[in-house]
Amino acid sequence: MMSNINELFGKELKVINMGLDSFGDDLKEQNIKTVQMRWRPPAGGSKKMMSLLSKLK
Amino acid sequence: MVMEKINAANDKALEIILNGQPSLVGIGKCLDVVPGMTEKTLLHAGPPITWDKASGPLRGAMMGALIYEGLAEDEESATKLLESGEITLDPWHHHDGVGPMAGVASASMPVFIIKNETYGNYSYCTLNEGLGKVLRFGAYNKEVIDRLKWMERVLGPLLKEALELHGPMDLKTLIAQMLQMGDEGHNRNKSGTGMFIRAIAPHVAATSFDLQDKIDVLKFMDSNDHFVLNLTMPACKATLDAAKGIPYSTIVTTQARNGTEFGIRVSGIEGGDRWFTAPAEYIDGLYFPGYSQEDANPDIGDSVITETAGIGGFAMATAPAIVQFVGGTPQDAVNYSTSMYEITHGENNVYQIPFLNFRGTATGIDIRKVVETGILPVINTGIAHKDPGVGQVGAGIVRPPMKCYEDALQAFVEMLEKEGLV
């Protein structure tokens, strides 16, 4: 297991960052190719809208 | 179970949209051909609005239309008449039509008549006036009124005769070709206008009109890259109207703005007739020299019917040159188009984007997907000056207010609750 991880980090990393931009920004500063995934919680986190949507499923 | 019911309804709505066959079948006088039109009615873009709530460009266009009709002499008498309540203000959408920007139409104006050959329904739209000082941006000086009179006297009747010689014009094929030639059918209509002129020109030459009239008509159409917008819009309207009123469908069949409010209507809610409105947004875009966001009116016009049918902003990837007009980069245009697949029920079978390996444009906006993903439809639009009489000051990108979509979703769920389905 550990050797697999070491092998991974021994190669060029291409990272997809989900969540806070700052994690991806830190990697970019270290010249690691990083793509920021546009993600937001369903219905923008609105409980009311999520409840309405769940009724239709 | 309810999800299957909704999805089946949406399959049906999408099938109707994709099977739509809009054709230009004639040109007539608004009073004679538009259902419910009267001499004292003004049709306008967007959801219903009253004079006191109308923004500058809409007010200017309404005043101008009354002066054009001879119902008022000047700004003062037009205002008085509009304040009196004697004039009926009604959305184009309540009369099977659409109008760009302020979208104001009055009884004497010539209108295009479009038929959805598959389902037999009709739609209507005025003829495009060109750029600069024009009624649709709220201008109403003598130059504007004189042009409208010429359109009524020469342009409309001449094109009517030319169209009779040509026969019905297949607008679906025209739009599909536009998309293959770098137009998206809302803010870029250059190739479509060229194709329209190419098709109609021999018949213009064959009309009974004077040579000078024929020259003037051809020059007028050629001077305006957006001439065909007033055909793509009603083509989309005729296509979408056939999909109105499908029970349990969550597909959007109308999006429209009156310069004060943005409104949407959903196929399966109250027969597709109920408006869900919220204050119109300001447009993020590029301004003509000498103007800035300070000068801008909020979002206005029925032209968002193009996005609702899967072209316009939804097809921006096919029109990379447009970013020089609305801002951003060609990659932004691609991103706008691809993100729209997240919120539609399907893809178009005829309107395709060569750059995306001829993928069909995202078609059939589903209110559930908009609310769940938080991705709002992208709209590619012109910016009107906030004051009447000035005209267009720029172009850019705008989105509908999320409130329209959230309110529609809530109403949809309440409707199902009443029926005991959820």
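Residues numbered from 1 in each chain as written. Chains lettered and ligands numbered in written order. Predicted model: local features only at pLDDT ≥ 70, side-chain atom pairs only at ≥ 80, totals over all residues.

### Examining the overall build of chain B
Helix and strand counts for chain B stand at 14 helices and 15 strands. Its C-alpha atoms give chain B a radius of gyration of 20 Å, within 12% of the compact-globule value 22 Å for 422 residues. Once the C-alpha set of chain B is aligned to its principal axes, its extents read approximately 65 × 45 × 45 Å. A buried classification covers 55% of the 422 residues belonging to chain B. Counting only contacts in chain B whose residues sit at least 6 apart along the sequence, the fraction spanning at least 24 positions is 75%. (Helix = DSSP H or I, 4+ residues; strand = E, 2+ residues; numbered from the N terminus. Rg over C-alpha atoms; globule rule 2.2 N^0.38 Å. Buried ≥ 20, exposed ≤ 12 C-beta atoms within 10 Å, placed from the backbone. Contact = placed C-beta atoms within 7 Å.)

### Quick word on the interface of chain A and chain B
Contacts between chain A and chain B engage 10 residues on the former and 12 residues on the latter. Partitioning the side of chain A that touches chain B into residue classes produces 6 nonpolar, 1 polar and 3 charged. (Nonpolar A, V, L, I, M, F, W, Y, C, P; charged D, E, K, R; others polar.)

### A few points about the domain arrangement of chain B
Residues and elements named next belong to chain B. Its domain assignment divides chain B into domain 1 (21–233) and domain 2 (245–418). Computed over C-alpha atoms, the centres of domain 1 and domain 2 are 22 Å apart. Facing 46 residues of domain 1, the contacting portion of domain 2 comprises 48 residues. Mapped onto the side of domain 1 that touches domain 2, the elements with two or more residues apiece are α3 (56–69), α6 (171–180) and α9 (229–241). The leading source of residues in the side of domain 1 that touches domain 2 is α3, at 6 residues. (Domains from an automatic or database assignment.)

### Considering the pairing of strand β15 (residues 392–398) of chain B
All names here are of chain B. Counting buried positions over the 7 residues of β15 gives 7, a clear majority of the element. Pairing analysis gives 4 bridges linking strand β10 (residues 284–287) to β15, with the strands arranged antiparallel. Residue pairing for β15: G285 is matched across the bridge by G396. (Pairing = 2+ DSSP bridges.)

### Overview of unusual backbone geometry
Residue and element names in this part refer to chain B. Although it is not a glycine, D96 sits at a positive phi angle of roughly 65 degrees. As for its placement among the helices and strands, D96 is situated in the loop between β3 (88–91) and β4 (110–116). Under the C-beta neighbour-count criterion, D96 is labelled partly exposed, with 19 such atoms within 10 Å. Phi at N357 takes a positive value of approximately 55 degrees, unusual for a residue other than glycine. Take N357: it is sitting in the loop between β12 (344–353) and β13 (359–365).

### Some details on the environment of V252(B)
Residues and elements named next belong to chain B. Tracing the chain through its elements places V252 in strand β7 (residues 252–258). The exposure class assigned to V252 is buried, which follows from the 29 C-beta atoms found within 10 Å. Here the alpha-carbon distance between V252 and L240, two residues 12 residues apart in the chain, equals 8.8 Å. Apart from the residues lying within four places of it in its own chain, the contact partners of V252 are I264, V266, T308, I365 and I367.

### Describing the sheet that holds strand β5 (residues 122–126) of chain B
Residues and elements named next belong to chain B. With antiparallel pairing, 4 strands are arranged side by side in an open sheet as β5-β4-β1-β6. On the outer flanks of this sheet lie β5 and β6 (169–170), each paired with one strand and no other. Where strand β1 (residues 22–29) lies against β6, 2 bridges are found, and the strand directions are antiparallel. Note on β6: the bridge partner recorded for L24 is M169. Where α9 meets the sheet, it contacts β1, β4 and β5, and its direction lies at approximately 155 degrees from that of β5. (Axes fitted to C-alpha atoms, helices over the stretch in contact; angles between N-to-C directions.)

### Things to note about the environment of I269(B)
In this structure, I269(B) sits in the loop between β8 (261–266) and β9 (276–279). Along the backbone, I269(B) and V228(B) are 41 residues apart, and their C-alpha atoms lie at a distance of 32 Å.

### Digging into the nonpolar core
Of all hydrophobic cores here, the largest spans 129 residues; its most connected members are M62(B), V111(B), F112(B) and A408(B). Mapped onto the domain boundaries, this core takes at least three residues apiece from domain 1 (21–233) and domain 2 (245–418) of chain B. (Core = buried A, V, L, I, M, F, W, Y, C linked by C-beta atoms within 7 Å.)

### Remarks on helix α2 (residues 21–29) of chain A
Little of α2(A) is tucked away: 0 of the 9 residues are buried. Count one or two residues on from α2(A) and you reach N31(A), which has phi positive near 60 degrees.

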